[in-house]
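Analysis of the macromolecular model
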Amino acid sequence: MPETAPPRARPRLPAAELDALCARVRAFVDECAIPAEDLSQAHDIAWLDATTRTLRAEARRRGLVPPQLPPESGGLGLCWQDCARVFEELGRGFIAAGALGCQAPDQPNVDTLMRLAAPSQRERWLAPLMAGEIRSAFAMTEPAPGVGSDPTMLSTTARRDGEGWVLDGHKWFASGAIGAAFAIVVARADEGPSWFLVETSNPGWRLLRDVPAIDPFAPGGHGEVRLEGCRVPAHALIGEAGRGLDYAQLRLEGARLFHCMRGIGLAARAIEIAQDWCARRESFGARLAEHQQVQAMVADAHIDLYACRLMTADVSRRLDEGASIRHHSSMAKVFVSEALNRVADRACQLTGAVGMCTDHPLALIAQRLRPFRVYDGASEVHRAAIGRRAFRGGVRP
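One structure accompanies this document, and this report is about it. (Residues numbered from 1 in each chain as written. Predicted model: local features only at pLDDT ≥ 70, side-chain atom pairs only at ≥ 80, totals over all residues. Heavy atoms only, no water.)

Turning our eyes to something else, we now look at the packing of helix α3 (residues 80–91) against helix α8 (residues 292–320). For the pair α3 and α8, the least separation of the axes is 8 Å and the interaxial angle reads 140°. As far as their axial angle goes, α8 and α3 are oblique. Of the residues in α8, those in contact with Trp80, Gln81, Ala84 and Glu88 of α3 are Arg309, Thr312, Ala313, Ser316, Arg317, Leu319 and Asp320. Of the residues that constitute the contact of α3 with α8, the class distribution is four nonpolar, three polar and four charged. (Axes fitted to C-alpha atoms, helices over the stretch in contact; angles between N-to-C directions. Helix = DSSP H or I, 4+ residues; strand = E, 2+ residues; numbered from the N terminus. Parallel < 35°, antiparallel > 145°, perpendicular 65-115°, else oblique. Contact = heavy atoms within 4.5 Å. Nonpolar A, V, L, I, M, F, W, Y, C, P; charged D, E, K, R; others polar.)

Right, here's the structure in full:
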């Protein structure tokens, strides 16, 4: 397994061509995806799945396909720098990314399996996942005292039994688990943490519930799962036994970056809504937009978004070049997740009661962005890792 991501095979699009593509994607989001949002269904997974299927058909009718997939897999084969622009446009909608196969956890699962899956695994699971025919889950997190931010606390076990494996353990916050066809399960074998493909129809996979969480429109929710005598064949093992934490880190490095791309779009939508409100709303004898405090809050939001785009673009360039992005994706993840929360919070503050009400999108945007400071590694854990690397002298400021 490569320790760094391979360079993207396709060079950057000409600027005019990329601008035109982004305009088409933005039109799809504004004309189709945002109008399809039913805020009252924010936590209804069945509604989200059905609506996503409809949007996916419309996207294909418009000639829009997954930007990150290679052409032979039905995508555009864009480099990550160009994907950053497209993902941002898709991120403006709560449900738009799923229409182009750019949603978590499927998109980072696909990206990682393209590098790790054996030919039989690619045919059985990866091909239909890339085609949008099925959804997937990622099951690593466990209830306390199991694994959370500390990967050494992994308690789910995998033992060899005849020609296959038997998995036992308790997972929760398994991303995308509700309605998924299969899951990537991280379990501890004798060799160490390992990855396994587990069909959710397996009798040893027992879905207990969708864990209630604050983030709306989460594809597949956050499943709590029991693995009880869960037998899987030998070919369910992904890559090599004992390399599971390496694989998880490889997956998470990209996933953090992709969250940044989408989140920038959603936060930008929030401040756009707030600006429009402030331009129309009058208070104390003047429109809100004329008050200096309001102008300063909007300015700070624009500054944060500008910095977020620059950091995301730089890490995307490094990923395209095949460089390790562990350090830089951690820095970007911390800054961008916190900056986007600031932007969303300002948008809610600027609009007063409207920003507090889930009849309107701003409160849901704030709820959607808040978990990013925890998902894929809490800010505090990333800061500790960044600091350790700095003191070891392995990175330059």
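Let us look at helix α2 (residues 45–61). Its 17 residues give α2 an end-to-end C-alpha distance of 24 Å, which sits within 8% of 24 Å, the value for a rise of 1.5 Å per residue. All of the buried residues in α2 are Ile45, Trp47, Leu48, Asp49, Thr51, Thr52, Leu55, Arg56, Glu58 and Ala59. A side-chain oxygen of the first residue of α2 lies 3.1 Å from the backbone nitrogen of Ala46; this N-cap is Asp44. Of the residues flanking the end of α2, it is Gly63, one or two places downstream, whose phi is positive at about 80°. (Expected span 1.5 Å × (residues − 1). Buried < 20%, exposed > 50% of the residue type's maximum accessible area, 1.4 Å probe, protein only. Polar contact = N/O pair within 3.5 Å; in protein donor to acceptor, adjacent residues only side chain to side chain.)

Here the focus is the nonpolar core. Grouped together as the largest cluster of nonpolar side chains are 66 residues, with contacts concentrated most on Phe28, Leu90 and Phe217. When contributions to this core are tallied by element, the ones reaching two or more residues are α1 (15–36), α2, α3, α4 (96–99), α7 (244–280), α8, α9 (326–350) and α10 (361–369). (Core = buried A, V, L, I, M, F, W, Y, C linked by side-chain atoms within 4.5 Å.)

Residues of helix α6 (residues 119–130) that are buried include every one of Gln121, Trp125, Leu126, Pro128, Leu129 and Met130, and no others. Check the buried side of α6 and you find it contacts α5 (106–116), β1 (136–139), β4 (182–189), β5 (192–199) and β8 (237–238). Looking at the residues trailing α6, positive phi occurs at Gly132, about 75°.

This part takes up the packing of aromatic side chains. Think of a pair of aromatic rings as described by two things: how far the centres are apart, and how the planes are tilted against each other in angle. Going through the model one piece at a time under the given rule, you end up with 11 aromatic pairs. For the ring pair Phe138 and Trp195, a centre distance of 5.6 Å and an interplane angle of 70° mean the geometry is edge-to-face. With Phe138 in strand β1 and Trp195 in strand β5, this pair connects stretches of sequence that are 57 residues apart. In this pair, the class of Phe138 matches that of Trp195, namely buried. When the ring of Trp165 is compared with that of Phe196, the centres are 5.0 Å apart and the planes differ by 65°; the resulting orientation is edge-to-face. You can see Trp165 sitting in strand β3 (residues 164–175) and its partner Phe196 sitting in strand β5, a full 31 residues away along the chain. An identical accessibility class is assigned to Trp165 and Phe196; each is buried. Ring pairing ties together the aromatic residues Trp47, Phe94 and Phe217, which thus form one cluster. Taking the ring centre of Phe138 as reference, the NZ or CZ of Arg251 above it sits at 4.0 Å. (Phe/Tyr/Trp six-rings, centres within 6.5 Å; stacked < 30°, edge-to-face > 60°. Lys NZ or Arg CZ within 6 Å of the ring centre and 35° of its normal.)

What follows is about the pairing of β1. Residue alternation in β1 divides its side chains into two sets, Ser136 and Phe138 and Ala137 and Ala139, and both sets are buried. Across four bridges, the pairing between β1 and β4 is parallel. Bridge pairing in β4 links Ala139 to Val185. (Pairing = 2+ DSSP bridges.)

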